[in-house]
Amino acid sequence: MTYLVNVLIDFSTRVWARQKAYPNTDNPLLNTPIPTHSRYLAHALCILLIAFLLNGCNIGKHLPANERLYMGSDIIMKADSTVPQDEQTALTENLEELSRPRPNKQLFGFPYKVGLYYLFGEPKRNGFRAWFRRKFGEEPILASAKAISSNIPIFEASLQNEGYFGSTVTGSLKESGYKARGVFDVNLKQRFHLDSIGFVVDSTPVRKALLLSAKRTVFKKGDPYRFDNIKIERERISQAIKQRGFYYFLTDYLGVLADNDSVAHKTDLYFYIKPDMPEAAGVPYSIRNVFIYPNYNISTAQQDTNQSTAVQTEEQFLVVDSTHLFNPKLFRDIVTVKPGRRYNSRMQDLTLSRFINVGAFKFVRNRFEPSQQGDSAVLDAHYYLTPYPKKSVRVEVDGTSRSNNFNGSQLILSWRNRNALRRAELLTINGNAGIEFQVGAGDQGVTNYRLGLDATLSFPRLVSPVRLNYDQRQALPKTNITAGYQTIIRGDLYRINSFQTTFGYAWRQSQQLEHVFQPFSANYVYVPLNSVGDRVYDILLDPDIPEIIKQQYQTTVFKSDQLILSSLYTLNFNSSPRSSSPNTFRLTANVEVAGNLASLLFRKQLETDPRNGVFGVPYAQYFRIDADARFYRKLSKNITWANRFFAGLGAPYGNYKGYQLPFTKQYFVGGSNSIRAFRPRAIGPGLFTRDTIRNLPLFQDGGGDIKLEANTELRVKFTKYLEGAVFVDAGNVWTYYNIESFEGNQENFTPQFYKQIAVGSGLGLRIDLSYFLVRFDLATPLRKPYQTNGSEWVIKDFAFGSSDWRKQNLIFNIAIGYPF
C-alpha cells in the first residue's frame, strides 16, 4: 500500500513539474493541453485518493482493541476419492454461500467500504461526517470464534442433505494483521445413492391413491441422495393424492423412512401415510354443485349471491348474474371443476388460473363447502368474481430499439373493451405515433416518422366452423383477429403505407410447448408516387452508386405495390421453468407458405409486370422456414454463458421465381441485435461488399433469402445495476437465385458458403434499471466475407491508434434489452 501511495505522489509531482516547465506546450502524457482548472482538479482528486489510501492502510487502528476485521471464509475440502472434482467445487461454492457472517464489501481484496466508514473519523450525531458514513461507509464486520463454531452444524447438515453422510467439519480463525478469515476443514465422505423406492400401503382408499402415485416417481435407482428431491417427491405425491378427491390431504401427512447401507453407501426410501392423519384427510370428496357469481361486489354481495336467482347451464353450473353481464357459455370454457366428478386439485388450480388469465376479472376468490349426501362426502364449489370496468383508455410512452439501429420513442393511445361480445372477448384499438433516429449513421442517416392504427379482437376460445381438439388441461386457447394500417415517413425520401389483417389461433400443449397457427394473413404495401422526394432521384442519377442499390430504390419506391397472402405456423419451446438445471433452452420455429391460393384463383398476367396479380398488384409466392435456438448456461452466481443459433431459408417460386423474397420477408444481418461488428444490414448477400460503400444511405441496405447466424456471449454481473459482456458473432445472408444485378458477385447460396461467413467480436456494458436494460456494445470485425488486403481475416490489420481505422472498423451499438 505504501508503494502505491508513493507512486501516486511521484506521478502527481512529475505532472505538476512538467506543466510548470512547459506551461505553453502539450502534455507529454496525453499529447493535449491541460487547462489550469483541470490540473487543480486532478491534484485535488489525487490528494483525496492518497488520503483515502493512507486512511485505509490504518483501518486496524480504528478497530476495537483485540478485534479483527472478518474478510470471509475459506473452505478446504478433503474429499473421498470417489467424489468427482465438479461435485467438490459445487459443494465448496454452496458452503461459502451458507457461511455467516457476510464480510464487508471488498475491491481487489481491500475493504473500501470500511475505509470510507473511518475516512473522516468519528462523526457527531448529525452533520457531514455522519451523512457520509451512512451514505458511503459500512460498519466493520468483526471476526468471532462463536460465529465460526455456529457455521459448523449448518455445514454438516447441508452435507447430509446432499447424501454425504458421516462427513465432518472443523473451523478456526486465521489472523493476519488487522484481518482474519474463517478456515473450515471439510472431511467429505463417499456419497450415498438410491437403491430402491418403496410405498407402504393397505386397502384404505387414501393408501391406494398413494400406490397409484408411485407410477410417476421422480426417483430412479442410482440417483444421488438429495433431501431437496425427497421434498419435491413428497409434494408431488401429495398433489397426486389430492387430484384423486382427497380434499383435506396435506403434505405433512406423508412420511419418509430412509434405510442406509453404510457399507455399500446405498439408501432405500419408503413413503408412508402417517397413522395420526385426521380421518377427514382420508375421505375422497365429489363435487355436488358449482356456484358462479360473475358480478360479485361487496356493496351488493347479498343480491349478487342470491342462489334463488341462479340460472343452470348445460354443464350444470349455477350462475348468479342479475345484470346478465356475461354469457353463461363463457364458464363452459373456463371451469374444469364439474358437478358429479371427484374433486381434483389440478382442475381447481386450472380453473382459477383461467379466471385470472382471461383478463375480464379483477379479483377471483373461491371456497369449498363440505357436506354429506347419503354415504358420500361432497363439496359445493363457490366462485366469486369481481369484473374489471368493461371499457378503459390507456396512454403509453415507449422507447424503441430496432435491429437496424433505429432508436426512438412512440406514443400509444389504447382503448379496450374487456367483454366485447359478453364472453370475455378483448377488443383493443391502438393509435400510435413515433419518431426514430438512426444511431451511428452520421450524415447518411434518416429520421423515420411512424403513424398507425390497429385493432385486435381476441377470443378466449377456438373460433372455428370445425371442432379443433386441444389439451384442455392447459391454459385457454385464443383466437385472434387483427387489422391495421401503418405509414412510415422516411425523412425527405418517401412514405410507405401498409395494410395488414390476420386470423389465427394460439394454444399451449404444455407448460413448455406453445403453438401459433395463422391460416390467413394478408399484407398490402405501397409507396404513393407523390410522396417521393428529390433525394431519391439524386440517388438514382448518381453514377457512383452501384446499380444494385439503384435497383433496390426503384423496386422499393416505383414498383412498391406488393401483396402477400400467406399462412404461418409457429412453434415455441421453453425448457422446464421448474428444473434445477443451470441450463435453459428456447426454440422458436416458423413455417410460412404464401401465394398458393392466389395462384389457383388469379392467373392473369399484369400489363406492366411479367407476374400475375390480384386487382393489378403482383402477389408473392414463396416457402419460408426458420429456427431460432437459444441456450443459456449459468456458470456461477454472477456469470452466464448465452448462445444463439439462427437458420432460415426462403424459396421464392411460381409467381416469384427468379426474384428475391419480398423486402419485409427477407433476412438481414448486422446491427445491435445481430452481428454487432457490422453496421445494420451491412453484410451480404454473399460476397457483395455492401459495407465498403460509404456514400449510401444506411437504411437502404438489402437482405437475402437464406440466413445463418451464430452468437455467443459471456455475461458477468458486477453489481446489482452493472453488467459486462464479451461476445463473438458470425453469419451472413445469401439469395436463393443468382441475381444478375449484383454486379458479378457471388451472392447466392453455394457449397462454399462457409468461406463467406463474417465474424466480429467485442465488449459490452449493460446498465440494469430493473424495468429495462440499457446496452452498450463496442465491436470490430475479425473476418469479412470478402478479401481485404488478400485475406478475409482482418485481425492483422488492427490499428487502434489510427483514427481512420477506428472510424471504419469500431462499431458502437446502443440498444434496449439483451441481443438474445
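The residue numbers shown here count from 1 along each chain, following its written sequence. Note on the predicted model: pLDDT of at least 70 is required for a residue's local features to be given, and 80 or more for side-chain atom pairs to be given and counted; whole-chain, interface and lining totals, by contrast, use all residues. The basis for every side-chain value is the complete set of heavy atoms in the structure, and neither hydrogens nor water enter the calculation.

**Regarding the nonpolar core**
Item 1. One finds V290, F331 and F361 to be the most contacted residues of the largest nonpolar core, which totals 28 residues.
Item 2. Comment: elements are numbered from the N terminus, with helices defined as DSSP H or I runs of at least four residues and strands as E runs of at least two. Counting residues per element, the ones that place at least two in this core are β7 (285-293), β9 (317-319), α11 (329-334), α12 (345-357), β10 (361-373) and β11 (376-387).
Item 3. The dominant element in this core, judged by the number of residues it contributes, is β11, at five residues.
Item 4. Contact definition: two residues touch when any of their heavy atoms are within 4.5 Å. With sequence-adjacent residues up to four places away left out, V290 is seen in contact with F317, L318, V335, V337, P339, A381 and Y383. Buried Ala, Val, Leu, Ile, Met, Phe, Trp, Tyr and Cys residues form a nonpolar core when they are joined through side-chain atoms within 4.5 Å. Burial classes: relative accessible area under 20% of the type maximum marks a residue as buried, over 50% as exposed, and values in between as partly exposed (1.4 Å probe, protein chains only).

**Description of the packing of aromatic side chains**
Item 1. The pairing test for Phe, Tyr and Trp rings, Trp by its six-membered ring, is centres within 6.5 Å, and the orientation test on the planes gives stacked under 30 degrees, edge-to-face over 60, and tilted for anything in between. Summed over the entire model, instances satisfying the criterion amount to 41 aromatic pairs.
Item 2. Taken together, a centroid distance of 5.7 Å and an interplanar angle of 45° make the contact between F355 and Y383 tilted. Pair noted here: F355 is in helix α12 and Y383 is in strand β11, with a separation of 28 residues, a long-range link. Assigned by exposure class, F355 and Y383 land together as buried.
Item 3. On the numbers, 6.1 Å between centres and 85° between planes, the contact of F753 with Y754 is edge-to-face.
Item 4. Following the ring pairs from residue to residue traces out a cluster consisting of F120, F128, W131, F132 and F136.
Item 5. Consider the ring centre and the ring normal. A charge sits over the ring if Lys NZ or Arg CZ is within 6 Å of that centre and within 35 degrees of that normal. Seen from the ring of F727, R676 lies directly overhead, with NZ or CZ sitting 3.8 Å from the centre.
Item 6. It is K707 that lies over the ring of F646; its NZ or CZ is 4.7 Å from the centre.

**Details of a nonpolar patch on the surface**
Item 1. Put simply, a patch holds well-exposed residues, over 30% relative accessible area, that have no salt bridge, with like charges counted together within 9 Å and Val, Leu, Ile, Met, Phe, Trp or Tyr side chains within 5 Å. Areas reported here follow the Shrake-Rupley algorithm with a probe of radius 1.4 Å; residue values treat only the protein chains shown as occluding. For salt bridges, the criterion is a side-chain nitrogen of Lys or Arg within 4 Å of an Asp or Glu carboxyl oxygen. Together, V393, V395, V397, L411 and L413 give the surface a local cluster of nonpolar side chains, amounting to about 500 Å² of exposed area.
Item 2. Of all the elements in the fold, those that place two or more residues in the nonpolar patch are β12 (391-401) and β13 (406-417).
Item 3. For the nonpolar patch, the element with the highest residue contribution is β12, accounting for three residues.
Item 4. With respect to the helices, strands and loops of the structure, L413 is situated in strand β13.
Item 5. The exposure class assigned to L413 is partly exposed, which follows from its relative accessible area of 48%.

**Concerning the sheet that holds strand β4 (residues 193-199)**
Item 1. Within the open sheet, the three strands sit side by side as β4-β6-β5. Their pairing is mixed. Both edges of this open sheet fall to β4 and β5 (254-261), since each of them pairs with a single strand only. With strand direction ignored, the average angle separating the axes of adjacent strands in the sheet is 20°.
Item 2. For two strands to be treated as a pair, DSSP must find at least two bridges joining them. Bridging between β4 and strand β6 (residues 266-273) involves six bridges; their strand directions are parallel. Looking at β6, one finds that F199 is bridged to F271.
Item 3. Strand contacts of helix α8 (residues 205-212): β4, β5 and β6, with the helix running at about 145° to β6, the strand carrying the most contacts. Here an axis means a line fitted to C-alpha atoms, over the contact stretch when the element is a helix, while the angle between two N-to-C directions is reported on a 0 to 180 degree scale.

**Concerning the pattern of salt bridges**
Item 1. Applying the stated criterion across every chain yields a total of 37 salt bridges.
Item 2. Residues R133 and E122 are paired through a salt bridge, measuring 3.4 Å at the closest nitrogen-oxygen approach. Residue R133 is found in helix α6 (residues 128-136), and its partner E122 is found in the loop between α5 (112-117) and α6; the two are separated by 11 residues along the sequence.
Item 3. For R133, a relative accessible area of 11% puts it in the buried group.
Item 4. Members of the salt-bridge network, linked through shared partners, are R676, E713, R715, D729, R766, R775 and D777.

**Quick notes on the sheet that holds β7**
Item 1. Overall, mixed pairing links the five strands, which are arranged β8-β9-β7-β11-β10 in an open sheet. Each of the sheet's edge strands pairs with one partner strand only, and the pair in question is β8 (311-312) and β10.
Item 2. Note that β10 and β11 share 12 bridges and pair antiparallel. Across the sheet, the residue bridging to V364 is L385, located in β11.
Item 3. Together, β10 and β11 form the strand contacts of α12, whose direction differs from that of β10 by roughly 155°.

**Topic: the side chain of N809**
Item 1. For N809, the position within the fold is in helix α16 (residues 803-809).
Item 2. Residue N809 is classed as buried on the basis of its relative accessible area, which comes to 9%.
Item 3. Not counting the four nearest positions on each side in its chain, N809 is found in contact with A779, T780, P781 and K784.

**What to know about the side chain of N711**
Item 1. With respect to the helices and strands, the residue N711 is situated in strand β25 (residues 706-717).
Item 2. Assessed through its relative accessible area of 4%, N711 is described here as buried.
Item 3. Of note is the side chain of N711, whose polar atom sits 2.9 Å from the side chain of D729. Definition of a polar contact: a pair of N or O atoms within 3.5 Å, with one able to donate and the other able to accept a hydrogen when the atoms are protein atoms, and with sequence-neighbouring residues admitted only if both atoms are side-chain atoms.

**Points about a positive patch on the surface**
Item 1. Among the surface-exposed residues, K215, R216, R244 and R346 lie close enough to one another that they form a single positively charged patch.
Item 2. With respect to the helices and strands, R216 occurs in the loop between α8 and α9 (227-242). Neither His nor the chain termini are counted; the positive set is Lys and Arg, and the negative set is Asp and Glu. The atom standing in for a charge is NZ when the residue is Lys, CZ when it is Arg, CG when it is Asp and CD when it is Glu.

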